[in-house]
Amino acid sequence: MTRHLITSAIPYINGIKHLGNLVGSQLPADLYARYLRGRGNEVLFLCGTDEHGTPAELAAAKAGKPVAEYCAEMWEVQWELSQGFRLSFDHYGRSSSAQNHRLTQHFAGRLDTAGLIEEVTEKQVYSNADGRFLPDRYVEGTCPNCGYERARGDQCENCTKQLDPTDLIDARSAISGSTDLEVRETKHLHLRQSAMMDQLDSWISSKSDWPILTTSIAKKWLHDGDGLQDRGITRDLDWGVPVKKGDDDWPGMEDKVFYVWFDAPIEYISCAQEWVDAGKGDNWERWWRTDKGAEDVTYTQFMGKDNVPFHTLSFPATILGSGEPWKLVDYIKSFNYLNYDGGQFSTSQGRGVFMDQALEILPADYWRWWLLSHAPENSDSEFTWDNFQTSVNKDLADVLGNFVSRITKFCRSKFGEAVPGGGAYGAAEQALIDDLTVKTRAYEAHMDAMEIRKAAAALRAIWVAGNEYLQSAAPWSTFKEDPDSAAAQVRLGLNLIRFYAVLSAPFIPDAAATMLAAMNSNDDSWPDDVPGALNALTGEHAFSVPDVLFAKITDDQREDWQARFAGTRD
RNA sequence: GGGCCUGUAGCUCAAUUGGUUAGAGCAGAGCGCUCAUAACGCUUUGGUUGGGGGUUCGAGUCCCUCCGGGCCUACCA
């Protein structure tokens, strides 16, 4: 048994996430957590909401609510949805928690003591009408290069020229449209990442087994131009972690907060404290402090590719720079994007399927199966309703669901609703058991390597093997001549259902629970011993015939949903 | 502009990292079965691996070039 700390990138607070967000971090993290728990490992799986920053304030303003209230409500919404998708977090925290405030301030103090914080006076655009400083991309205007009228202050998306907000002609606030802008001086703290470039570089270089997507992004930042740049870690905002050095005030930094990307990853640690404070655990340091028991922890992070720089560089710089023995990440699994029917999912345009809508139309298992078996691991992948309907109907309804249905119903009609005890496994049964042993080990190898699509294919092959066996054993024929042999065949079939329930639980937990319950069993131990697992249910053990596990998606439903989600939300 | 990823059968994806005749699932065709959600099983048709050139005994894999798709580019997060 080993100990695994798993975190998913924490989703931003300003709205309900779409399926692309879900499959990019939380869902695969959950798959891995469930798998490792299933195999008897000790797992701490943490996630939460990322609540600070300009978009949260704007979303709250749009909703007409104080930002704290808005975030609290959205946390509740996201939490409920995560439960709906059966995401098995040990704790779902908040980056706005008191624990995270304290720890963020603690890290800042340590970094300052280590000489890694620099105070820099810089010029930023201030909007008098909005009463706030504007991030570059919240300044809009006409591009001096191409004349595009909606260029942003950081870059013109029409001609891709890099811009400075002061370059824009007729600059205006993207928030209010006000042109009453001025450039003001403001003082900010910078994290001297440049001083840690070599240390980070050698650390990244030691991770030869990480996905190319992860290391190539990190190395690009490390080696591009003059190398890793210092980064501002404070902002002129109201909502966030107040700038302090540990418990002490930071002179000159009153009314400022830490930048969301400084405090958000720290929430991974704070979340473990929240977990303890919520009474769910009793020692968070043994997961996070290598001097207090975390030296044997394997830490895996899951995230979309857009989050990679913060997890490979900024957050490690924070941890290493503190000079304290915090646990560093051991493996980063990053994902490409899921596209929607020929384009991108779009939160702003409401294009695609969002988590709440998905659960309104189908149970979580359908989505989990499709999303995980099509996870965008090597390149962007694409959701289409045709593909979704076909995959779900074929894999879940026909291959797995129908298998459960045919064997339980056959047994009920010939032997009644108890495992028949007659006969004994013969050569054909042994061949199946041997085959399943090989296939199970292959499935485990893919799961261990976090090769999600391959694991899904391996699991499906395990389901298919059951149908192949039933077809060749043909207990409906055997029964006429030799009821005892048919009994053994059916007994193996029923054992397969329990076996499938255990193996499939990481992907489709609800169906797995239904299958296990139908087999009237609590034994969900991982089949390290496949022959033993396929002899677990013995004669006279009562079971029940479950309802249809997976109803098929009809053509009408598919067309309906395709039309409903093509345009804008609502 | 720069960097990275990517292009394989009608569709979604593999290919032990340069090694025999490029494989699966779905869709299509045929056969079988009748326990089952018109489900299952078996057989089978599909490929000039985006185009072109090069290195090599050997290239989907390495190099060059062109074409297409995507992401990132540090103040959105």
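Residues numbered from 1 in each chain as written. Chains lettered and ligands numbered in written order. Predicted model: local features only at pLDDT ≥ 70, side-chain atom pairs only at ≥ 80, totals over all residues. Heavy atoms only, no water.

Next up on the list: the domain arrangement of chain A. For chain A, the assigned domains read domain 1 (3-110 + 257-335) and domain 2 (382-533). Using only C-alpha atoms to locate each centre, domain 1 and domain 2 end up separated by 36 Å. Contact residues are listed per partner, giving 13 residues for domain 1 and 12 residues for domain 2. Summed over both sides, the interface between domain 1 and domain 2 buries roughly 1,300 Å², with carbon and sulfur atoms accounting for 66% of that surface. Of all residues in domain 1, Leu-31, Tyr-35 and Arg-39 give up the largest surface area on contact with domain 2, accounting jointly for 47% of the area buried on that side. Summed over the shared surface of domain 1 and domain 2, the number is three salt bridges. A salt bridge links Arg-86 to Asp-510, with the nearest nitrogen and oxygen atoms 2.9 Å apart. Our count for the domain 1 to domain 2 interface comes out at five residue pairs in polar contact (both at pLDDT 80 or more). If you tally residues by element for the side of domain 1 that touches domain 2, the top one is helix H1 (residues 19-38), at six residues. In terms of residue class, the side of domain 1 that touches domain 2 is built from seven nonpolar, two polar and four charged. (Domains from an automatic or database assignment. Contact = heavy atoms within 4.5 Å. Buried area = accessible area lost by both parts, 1.4 Å probe. Salt bridge = Lys/Arg side-chain N within 4 Å of Asp/Glu carboxyl O. Polar contact = N/O pair within 3.5 Å; in protein donor to acceptor, adjacent residues only side chain to side chain. Helix = DSSP H or I, 4+ residues; strand = E, 2+ residues; numbered from the N terminus. Nonpolar A, V, L, I, M, F, W, Y, C, P; charged D, E, K, R; others polar.)

Taking 1.5 Å as the rise per residue, helix H3 (residues 67-84) with 18 residues should run 26 Å; its terminal C-alpha atoms sit 25 Å apart, in good agreement. Among all positions of H3, only Val-67, Tyr-70, Cys-71, Met-74, Trp-75, Gln-78, Leu-81, Ser-82 and Gly-84 are buried. In this structure, the buried residues of H3 make contact with strand S2 (42-49), helix H2 (54-63), strand S3 (91-94), helix H10 (355-361) and helix H11 (364-373). Once H3 finishes, Arg-86 follows within two positions and takes phi at roughly 65°, a positive value. (Expected span 1.5 Å × (residues − 1). Buried < 20%, exposed > 50% of the residue type's maximum accessible area, 1.4 Å probe, protein only.)

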